[in-house]
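As a plain string of letters, each chain reads:
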Amino acid sequence: MTTRRTRMLLPAAVALTLAGNVVFAAGITVQDARKRDVTIDDPARIVSIGGAITEILYALGFDDRLAGVDATSLFPPAALRDKPNVGYWRQLSAEGVLGLNPSLVLAMQGSGPKETIEVLEAARVPLVMVPDTFSERGILDKIALVGRTMDAGQRTECLSKAVASDLAQLSTLRSKVTRPIRVMFVISFLNGRAVVAGTNTAANEIIRLAGAVNATDGYEGYKPVSDEAIVTARPDVVLSIARGKDSVEAETVFSHPAFAMTPAAEKRAFISMEGLYLLGFGPRTAAAARDLAVRLYPELAPEAEKFKPAALSTDCRK
């Protein structure tokens, strides 16, 4: 993704005049996840669609420019408390977004539905799609694109360095694992069948970052699996996310006949963590992987105490 400056005339409402001459502002053009060039003239009213994007904007000090956020913007808590909520990122209403009169929409790749995205594009509001890649590099790419869009060079560099430091500390912690644990991520149950994470998912990558292995890696995405597949996978631990009344509970898992036959059931090894923290792949991901690693490998706790997440303690807002 690239960035370039374009000389743009400010809208009349915000144009400045000096000695009878109009002052021009430098617009920012970025290439987004769709490989499209998007020019941003005035990022004063932003709608952020995607919890990781919102986290990055707050970390960079642009929360005062947020006109609205989506329902996954759970951190910091002030986001949903103080900003209008435009709904779930995959079920957006064009009217809900455009009704906030945004001058920029930053949206996670995959936001939708398609019809809503088409309406937003037709409205000619600058729409920057941010890549949703589940990797260490992907986290840094998100920060870089959001930072470039906001023309926040020094702040972006500050946050990127902090996150890179956290990922390096996580790598050191992960290197202490001698016998990787087999983890199965269960997102829900559908008609009695467990919906389980395969490869090319945030769950698969966070398991790897924590020094474990995904017990179900024979397919991509999240799919219902058979009882036989669960037994064959032999997970040592079952992992899920906490999401209120829709949370998967340990009792539900281990009362299931197939899970009852797994090594995880012998120790009732079940872990649940907050969804955005665990799967968001934003600035806090290294810290989330650290926390997961300690729960998987309690013997790593003394080493994990040395891991002080820079992304949570460094002020990059100025």
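Residues numbered from 1 in each chain as written. Predicted model: local features only at pLDDT ≥ 70, side-chain atom pairs only at ≥ 80, totals over all residues. Heavy atoms only, no water.

A. Geometry of helix H6 (residues 153-174). For H6, spanning 22 residues, the distance from its first C-alpha to its last is 31 Å, which sits close to the expected 32 Å at 1.5 Å a residue. Taken residue by residue, H6 has Thr-156, Leu-159, Ser-160, Ala-162, Val-163, Asp-166, Leu-167, Leu-170, Leu-173 and Arg-174 as its buried positions. The buried side chains of H6 occupy one side of the element, clustering within an arc of 160 degrees when seen end-on. Away from the buried face of H6 by more than 90 degrees, exposed residues Gly-153, Gln-154 and Lys-161 are located. Looking at the buried side of H6, the elements it contacts are helix H1 (51-59), helix H5 (136-149), helix H7 (202-209), helix H12 (285-296), helix H13 (301-304) and helix H14 (310-313). (Helix = DSSP H or I, 4+ residues; strand = E, 2+ residues; numbered from the N terminus. Expected span 1.5 Å × (residues − 1). Buried < 20%, exposed > 50% of the residue type's maximum accessible area, 1.4 Å probe, protein only. Arc of directions from axis to C-beta. Contact = heavy atoms within 4.5 Å.)

B. Structural view of the environment of Val-238. With respect to the helices and strands, Val-238 occurs in strand S14 (residues 237-242). Separated by 19 residues in the primary sequence, Val-238 and Pro-257 place their C-alpha atoms 14 Å from one another. With near-sequence residues (within four places) excluded, Val-238 lies in contact with Met-184, Val-186, Val-253, Phe-254, Phe-259, Ala-264, Ala-269, Phe-270 and Ile-271.

C. Structural detail: the nonpolar core. With 86 residues, the main nonpolar core has Leu-57, Leu-106, Phe-185, Ile-206, Leu-278, Leu-292 and Leu-296 as its most contacted residues. The element best represented in this core is H12, accounting for 7 residues. Counting residues in each nonpolar core, the second largest holds 18 residues, with Met-184, Ala-215, Ile-230 and Ala-265 among its members. (Core = buried A, V, L, I, M, F, W, Y, C linked by side-chain atoms within 4.5 Å.)

D. Region of interest: the state of the cysteines. Here the structure, examined in full by the defined rule, presents 1 disulfide. What pairs with Cys-158 in a disulfide is Cys-316, and their sulfur atoms sit 2.1 Å apart. Handedness here is read from the sign of the S-S torsion; for Cys-158 and Cys-316, about -70 degrees, the answer is left-handed. Placement of Cys-158 in helix H6 and of Cys-316 in the segment after H14 is noted, with a sequence separation of 158 residues between them. The class of Cys-158 is partly exposed, set by a relative accessible area of 23%. (Disulfide = S-S within 2.5 Å.)

E. Just the environment of Val-186, in detail. Within the element layout of this structure, Val-186 appears in strand S10 (residues 182-190). Along the backbone, Val-186 and Asn-101 are 85 residues apart, and their C-alpha atoms lie at a distance of 39 Å. Excluding anything up to four places from it in sequence, Val-186 contacts Ala-194, Val-195, Val-196, Val-238, Leu-239, Ser-240, Val-248 and Phe-259.

F. Quick peek at the side chain of Thr-156. Mapping Thr-156 onto the fold places it in helix H6. Excluding anything up to four places from it in sequence, Thr-156 contacts Leu-60, Ile-143, Ala-144 and Gly-147.

G. Representation of the pattern of salt bridges within the structure. One pass over the full model with this rule turns up 15 salt bridges. Salt bridges sharing partners connect three or more residues here, namely Asp-32, Arg-34, Arg-36 and Glu-121. (Salt bridge = Lys/Arg side-chain N within 4 Å of Asp/Glu carboxyl O.)

H. Highlighting the sheet that holds strand S6 (residues 46-49). The strand order across the open sheet built from 4 strands is S7-S6-S8-S9, with neighbouring strands paired in parallel fashion. Of all strands in the sheet, those with a lone pairing partner are strand S7 (66-69) and strand S9 (127-130), marking the two edges. On average, each strand axis in the sheet is tilted by 20 degrees relative to the strand beside it, whichever way the strands run. The sheet contact formed by S6 and strand S8 (residues 104-108) spans 4 bridges and is parallel. Each residue of the ladder has a partner; that of Ile-46, found in S8, is Leu-104. (Pairing = 2+ DSSP bridges. Axes fitted to C-alpha atoms, helices over the stretch in contact; angles between N-to-C directions.)

I. Focus on H12. Here H12 spans 16 Å end to end across 12 residues, near enough to the 16 Å set by a 1.5 Å rise per residue. With respect to burial, H12 is a largely interior element, 9 of its 12 residues being buried. Considered for burial, the residues of H12 that qualify are Thr-285, Ala-286, Ala-287, Ala-288, Ala-289, Arg-290, Leu-292, Ala-293 and Leu-296.

J. Broad picture of the packing of H6 against H12. In contact at an axis separation of 9 Å, H6 and H12 are set at 20 degrees when each is read in the N-to-C sense. In this view, H6 runs roughly parallel relative to H12, as classed from their interaxial angle. Between H6 and H12 lies a crossing of left-handed hand. Of the residues in H12, those in contact with Asp-166, Leu-167, Leu-170 and Leu-173 of H6 are Ala-286, Ala-289, Arg-290 and Ala-293. Across the contact of H6 with H12, the residue classes tally to 6 nonpolar, no polar and 2 charged. (Parallel < 35°, antiparallel > 145°, perpendicular 65-115°, else oblique. Left-handed = near helix turned anticlockwise from the far one by under 90°. Nonpolar A, V, L, I, M, F, W, Y, C, P; charged D, E, K, R; others polar.)

K. Main features of the pairing of S8. Counting buried positions over the 5 residues of S8 gives 5, a clear majority of the element. What you see with S8 is no split at all: Leu-104, Leu-106 and Met-108 on one side and Val-105 and Ala-107 on the other are buried throughout.

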